[in-house]
Protein chains: 2
Amino acid sequence: MNFNSALENIKSYEAGKPIELVVREYGIDKDHIVKLASNENPFGCSPKVKDAVRNIIDNMSLYPDDSMVKLKSALGKKYGIRSDELVIGAGSDQVIEFAIHAKAHNGSKVLMNSVTFAMYEIYAKQVGAVVVRTTSREHNMEEFYSLYQEHKPSIIFLCTPNNPTGDALDAQDMISFIEKVDSDTLVIVDGAYMEYARFKDASKAVEPKDLIQKFDNVLFLGTFSKAYGLGGMRVGYGIASEPIIKALYKVRPPFNITTLSLEAASVALEDEAFVAECIADNFKEMKRYEAFADGKKIQIIESYTNFVTLSLPQAKNSSEIAQALLKKGMIIRDLSSYGLNAIRVTIGTQVQNSRFFELCEPLL
Amino acid sequence: MNFNSALENIKSYEAGKPIELVVREYGIDKDHIVKLASNENPFGCSPKVKDAVRNIIDNMSLYPDDSMVKLKSALGKKYGIRSDELVIGAGSDQVIEFAIHAKAHNGSKVLMNSVTFAMYEIYAKQVGAVVVRTTSREHNMEEFYSLYQEHKPSIIFLCTPNNPTGDALDAQDMISFIEKVDSDTLVIVDGAYMEYARFKDASKAVEPKDLIQKFDNVLFLGTFSKAYGLGGMRVGYGIASEPIIKALYKVRPPFNITTLSLEAASVALEDEAFVAECIADNFKEMKRYEAFADGKKIQIIESYTNFVTLSLPQAKNSSEIAQALLKKGMIIRDLSSYGLNAIRVTIGTQVQNSRFFELCEPLL
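A. Focus on the overall build of chain A. Helix and strand counts for chain A come out as 14 helices and 13 strands. Computed over the C-alpha atoms, the radius of gyration of chain A is 20 Å, within 12% of the 21 Å expected from 2.2 N^0.38 for a compact globule of 364 residues. With the principal axes as the frame, chain A shows a C-alpha extent of 55 × 55 × 55 Å. Of all 364 residues assigned to chain A, the portion counted as buried reaches 64%. Considering only residue pairs separated by 6 or more positions, chain A has 73% of its internal contacts joining residues 24 or more positions apart.

Laid out in structure tokens, this is it:
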């Protein structure tokens with residue numbers, strides 16, 4: 001059977017290996033596995049969220065409230081925006097998918113950073129769009145502008161803080177760039193790790209409300225998968241002017257968020273203190289990674305997220321290091337598929353991080 | 001901002017009103033609302049599923065096992081098929097979306113029954129495909145064949161039992177039709193309600209294993225949203241030959257099923273006795289609807305599902321009846337948007353059904 005020709009160019013996303021897979025493939029006891037590969041919150045989610053979900057277990061048989069009034073109202077309050085400036089996705093991933101399906105088509109151009117979140121390219125290729133990339137490892141707004149002028153892309157992705165490298169754009173630099181972009185180009189600002197950047201450095205903090213008031217061509221993305229500790233529940237969101245949200249709704253499948261996920265995300269927003277504690281701990285533990293890398297003379301990219309990226313010296317191969325750690329039950333992310341000889345490690349609990357240092361000691 | 005022109009033709013899906021919405025709009029106490037609008041299992045899901053989900057609440061922070069090995073292995077065992085003949089979607093809805101995105105494109109033709117599940121058309125229009133419909137209310141295989149010959153569609157949808165009418169195809173008739181279709185046309189057999197049809201009448205039962213062994217151009221769809229009582233958890237599946245599954249995987253987003261949903265669906269398959277009891281009760285209660293309709297001289301379409309469709313006489317307007325019931329806290333589905341003067345009612349518990357008869361008594 002023949003399928004659409006665009007499919008031939010799509011490579012599948014390489015996800016962090018789940019614990020179950022390491023148990024199956026390496027026969028390691030589940031309790032001895034540490035996963036620092038998917039930037040999950042090592043403290044999980046708020047206990048209030050767990051209680052709330054337990055309380056509505058009986059509702060698993062009922063279709064979700066597709067108007068998502070509770071979650072939208074909580075998010076609207078958090079950001080000072082209206083419900084019609086919001087769309088909820090099964091992870092911010094799905095909002096990226098909506099945006100590409102609504103705006104791009106066969107032959108459209110999509111501009112993104114040289115190294116950035118892999119799903120931008122995968123979704124772009126699904127509709128036959130052409131991906132244009134910068135050459136700089138960090139987002140370079142001058143290079144973005146020059147490529148914008150040359151290619152006139154229909155969508156520009158700015159990932160800040162950037163995944164998988166952890167660096168973040170200066171918010172003012174980003175805004176100055178968007179000011180120069182024409183209003184028919186959709187600029188997607190992916191803030192999946194913005195909670196971390198905001199904590200560490202106010203100059204990196206992007207305010208979605210200000211952004212969409214200033215620009216009617218910007219879509220801001222946020223997620224519950226990282227700081228809010230709900231990676232397994234698949235809830236993210238997009239914030240934009242009403243016409244953009246309306247277009248994304250046209251390609252949104254009904255009931256795209258589960259009944260339990262809607263409740264979990266809504267209640268997560270009621271316990272910001274839990275999230276703040278987790279973020280504070282994250283940056284305290286990050287200092288240990290910086291000290292470890294310093295001691296080993298390994299370059300660490302300054303991170304505004306809940307992970308660190310270690311650029312390895314030539315003599316050390318990132319795939320081999322990742323594999324050696326995996327055999328010992330430590331799951332981290334090899335970045336060789338991004339063209340980097342580097343590993344990405346999620347900041348875990350104190351105990352998990354100590355285990356990482358201990359296992360890396362003879363390897364690095 | 002301009003979006004893809006295909007979006008202009010898309011109407012959004014009209015879902016059954018959730019209980020929360022009726023509480024908000026009509027100020028009716030939540031406990032006094034009966035929802036017989038979305039074909040949910042009125043007995044919910046198996047208690048074993050609830051226990052299993054409660055036990056893994058701590059895993060909400062962890063990304064799902066994207067290989068879905070547990071669920072795929074359980075489904076493979078149930079149907080006697082291999083894991084690579086399976087794709088899991090966020091509801092069978094999402095598998096429909098995958099199939100259309102993988103196979104159809106701008107100008108493709110998609111053939112479907114005159115009255116059938118609304119999402120086929122919505123997804124088809126998202127990629128700019130042209131929808132071709134039969135004229136008969138029930139699937140008429142001769143008419144399907146004649147339209148197939150005339151239009152050479154890239155996809156044909158057969159919904160059996162059909163939603164929202166409840167009638168089902170004779171399995172042998174369907175197979176004889178598929179035999180005449182060329183192997184590059186994707187035939188999608190939507191069996192969302194197949195568990196009910198199989199119970200009521202063996203001649204309507206479609207066996208996915210036989211189907212995909214006989215045809216390499218058929219995709220069978222199943223769901224956990226109906227008989228398995230997990231409408232809120234968004235889990236469905238597609239069964240097909242490996243090349244079709246591989247193509248659908250190209251357009252599948254990673255982590256499309258939540259951690260809790262994967263567990264819920266896997267465990268649901270361990271308690272088939274619960275499902276069998278619910279189905280038996282369904283058809284016992286259905287007899288009461290048949291008697292009610294008979295007494296009122298209202299035509300009821302013979303149903304192989306967990307709902308009944310009442311075709312109203314001209315003097316009764318389905319929208320007005322649905323609205324009158326809604327004001328009394330009874331949510332059912334008005335089928336006027338499908339071009340029918342009819343209402344669709346989910347078979348509920350004995351108490352819920354009695355309440356429906358009581359409220360309908362003065363209206364019909």
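Now, onward.
B. Fine view of the sheet that holds strand E3 (residues 109–112) of chain B. All names here are of chain B. Sheet architecture is open: seven strands sit in the order E2-E8-E7-E6-E5-E3-E4, paired in mixed fashion. Since the sheet does not close on itself, it has two edges, and those belong to strand E2 (86–89) and strand E4 (130–133), each with one partner. Neighbour-to-neighbour, the strand axes of this sheet turn through a mean angle of 20°, independent of strand direction. Examined bridge by bridge, E3 and E4 share four bridges and lie parallel to one another. Bridging across to E4, lysine 109 finds its partner in valine 130.

C. Region of interest: the side chain of His139(B). In this fold, His139(B) is placed in the loop between E4 and helix H6 (141–151). A distance of 3.1 Å separates a polar atom in the side chain of His139(B) from the backbone nitrogen of Cys159(B).

D. Spotlight on the domain arrangement of chain A. All names here are of chain A. Split into domains, chain A comes out as domain 1 (5–45 + 273–360) and domain 2 (49–270). A straight line from the C-alpha centre of domain 1 to that of domain 2 covers 24 Å. Taken together, the contact pairs 32 residues of domain 1 with 34 residues of domain 2. Summed over both partners, the interface of domain 1 with domain 2 buries about 2800 Å², with 68% contributed by carbon and sulfur atoms. When the area that domain 1 buries against domain 2 is broken down by residue, the three leading residues are Cys45, Tyr304 and Tyr338, summing to 26%.

E. Main features of the packing of aromatic side chains. Under the criterion given, the structure shown has 32 aromatic pairs over all chains. Between Tyr63(A) and Phe255(A), the aromatic rings sit 4.8 Å apart at their centres with planes inclined by 50°, giving tilted as the arrangement. Taken together, the residues span a long stretch of sequence, with Tyr63(A) in the loop between helix H2 (47–55) and helix H3 (69–79) and Phe255(A) in the loop between helix H10 (242–250) and helix H11 (259–268) at a distance of 192 residues. Judged by its relative accessible area of 8%, Phe255(A) falls in the buried class. Arranged with centres 5.9 Å apart and planes meeting at 70°, the rings of Phe356(B) and Phe357(B) form a pair that is edge-to-face. By the burial criterion, Phe356(B) is buried, and Phe357(B) matches it. Site record: aromatic cluster; members linked through ring pairs are Tyr79(A), Phe224(A), Tyr228(A) and Tyr237(A).

F. Structural context of the relation of the copies chain B and chain A. When chain B is brought onto chain A, the operation consists of a screw motion whose angular component is 180° and whose axial shift is 0.0 Å, with 0.0 Å RMSD remaining. Overall, the copies show the geometry of a two-fold rotation axis. Among all C-alpha atoms of chain B, that of Arg54(B) lies closest to the rotation axis, at 3.1 Å. With an isologous cut-off of 70% or more, the 100% of interface residues of chain B that recur at the interface of chain A puts this contact in the isologous class.

G. Structural detail: the sheet that holds strand E13 (residues 342–346) of chain A. Residues and elements named next belong to chain A. The antiparallel open sheet is built from four strands, whose spatial order is E9-E10-E13-E12. Each end of this open sheet is capped by a strand with a single partner; those strands are strand E9 (299–300) and strand E12 (333–334). Alignment of E9 against strand E10 (residues 307–311), held across two bridges, turns out to be antiparallel. From the neighbouring strand, glutamine 299 faces E10, where its bridge partner is serine 311. Packing against the sheet, helix H12 (residues 272–295) makes contact with E9, E10 and E13, and its axis sits at approximately 10° to E10.

H. Main features of the interface of chain B and chain A. Between chain B and chain A, the residue contacts involve 70 residues of the former and 70 residues of the latter. Both faces considered, chain B and chain A share a buried interface measuring about 5900 Å² in area, 60% of it formed by carbon and sulfur atoms. For the pair chain B and chain A, the number of links is 33 residue pairs in polar contact (both at pLDDT 80 or more). Broken down by secondary-structure element, the contributors of at least two residues to the side of chain B that touches chain A are helix H1 (19–26), helix H2 (47–55), helix H4 (92–103), helix H5 (119–126), helix H10 (242–250) and helix H11 (259–268) of chain B.

I. Inspection of the nonpolar core at higher detail. Formed by 181 residues in total, the largest nonpolar core has its most connected members in Phe224(A), Phe356(A), Phe224(B) and Phe356(B). In this view, Phe224(A) contacts Leu71(A), Leu75(A), Gly229(A), Leu230(A), Gly231(A), Val235(A), Tyr237(A), Ala265(A), Ala268(A) and Leu269(A); residues no more than four positions away in its chain are not counted. Listed in part, the 68 residues of the second largest apolar core include Leu248(A), Tyr123(B), Ala124(B) and Cys159(B).

J. Layout of the pattern of salt bridges. Residues and elements named next belong to chain A. Here the structure, examined in full by the defined rule, presents 44 salt bridges over all chains. Of the charged contacts in the structure, one is a salt bridge between glutamate 242 and lysine 246, with a shortest N-O distance of 3.8 Å. Placement of both glutamate 242 and lysine 246 in helix H10 is noted, with a separation of four residues, approximately one turn of the helix. The class for lysine 246 is exposed, based on a relative accessible area of 56%. It is possible to trace a salt-bridge network through shared partners that takes in Arg82, Asp84, Glu85, Glu242 and Lys246.

K. Looking closely at helix H5 (residues 119–126) of chain A. For H5(A), the tally of buried residues reaches six of eight residues, placing the bulk of the element in the interior. Within H5(A), the full set of buried residues consists of Met119(A), Tyr120(A), Ile122(A), Tyr123(A), Ala124(A) and Gln126(A). Packing partners of the buried residues in H5(A) comprise helix H4 (92–103), strand E3 (109–112), strand E4 (130–133), strand E5 (155–159) and strand E6 (186–190) of chain A together with H10 of chain B.

L. Focus on the pairing of strand E7 (residues 218–223) of chain A. Residue and element names in this part refer to chain A. Of all six residues making up E7, six are buried, and the element is well covered by its neighbours. Of the two faces of E7, the one carrying Val218, Phe220 and Gly222 and the one carrying Leu219, Leu221 and Thr223 are both buried. Pairing analysis gives four bridges linking E6 to E7, with the strands arranged parallel. Its bridge partner being in E7, valine 189 is matched across the sheet by phenylalanine 220. Here four bridges tie E7 to strand E8 (residues 236–239), and the two strands are oriented antiparallel to one another.

M. Just the packing of H2(B) against H11(B), in detail. Residue and element names in this part refer to chain B. Axis separation between H2 and H11 bottoms out at 9 Å; the angle between their running directions is 145°. For the crossing formed where H2 meets H11, the hand is right-handed. Across the interface between the two elements, Lys48, Val49, Ala52 and Val53 from H2 touch Leu260, Glu263, Ala264, Val267 and Ala268 from H11. Partitioning the contact of H2 with H11 into residue classes produces seven nonpolar, no polar and two charged.

N. Examining the pairing of strand E10 (residues 307–311) of chain B more closely. Residue and element names in this part refer to chain B. Within E10, five of the five residues are buried, leaving the element largely enclosed by the surrounding structure. Neither face of E10 is left uncovered, since the one carrying Phe307, Thr309 and Ser311 and the one carrying Val308 and Leu310 both have all their residues buried. The hairpin turn running from strand E9 (residues 299–300) into E10, its antiparallel successor, is six residues long. As paired elements, E10 and strand E13 (residues 342–346) share five bridges and run antiparallel to each other. Residue pairing across strands places threonine 309 opposite arginine 344, the latter belonging to E13.

Definitions and cut-offs
Residues numbered from 1 in each chain as written. Chains lettered and ligands numbered in written order. Predicted model: local features only at pLDDT ≥ 70, side-chain atom pairs only at ≥ 80, totals over all residues. Heavy atoms only, no water. Helix = DSSP H or I, 4+ residues; strand = E, 2+ residues; numbered from the N terminus. Rg over C-alpha atoms; globule rule 2.2 N^0.38 Å. Buried < 20%, exposed > 50% of the residue type's maximum accessible area, 1.4 Å probe, protein only. Contact = heavy atoms within 4.5 Å. Pairing = 2+ DSSP bridges. Axes fitted to C-alpha atoms, helices over the stretch in contact; angles between N-to-C directions. Polar contact = N/O pair within 3.5 Å; in protein donor to acceptor, adjacent residues only side chain to side chain. Domains from an automatic or database assignment. Buried area = accessible area lost by both parts, 1.4 Å probe. Phe/Tyr/Trp six-rings, centres within 6.5 Å; stacked < 30°, edge-to-face > 60°. Least-squares fit on C-alpha atoms with pLDDT ≥ 70 in both. Core = buried A, V, L, I, M, F, W, Y, C linked by side-chain atoms within 4.5 Å. Salt bridge = Lys/Arg side-chain N within 4 Å of Asp/Glu carboxyl O. Left-handed = near helix turned anticlockwise from the far one by under 90°. Nonpolar A, V, L, I, M, F, W, Y, C, P; charged D, E, K, R; others polar.

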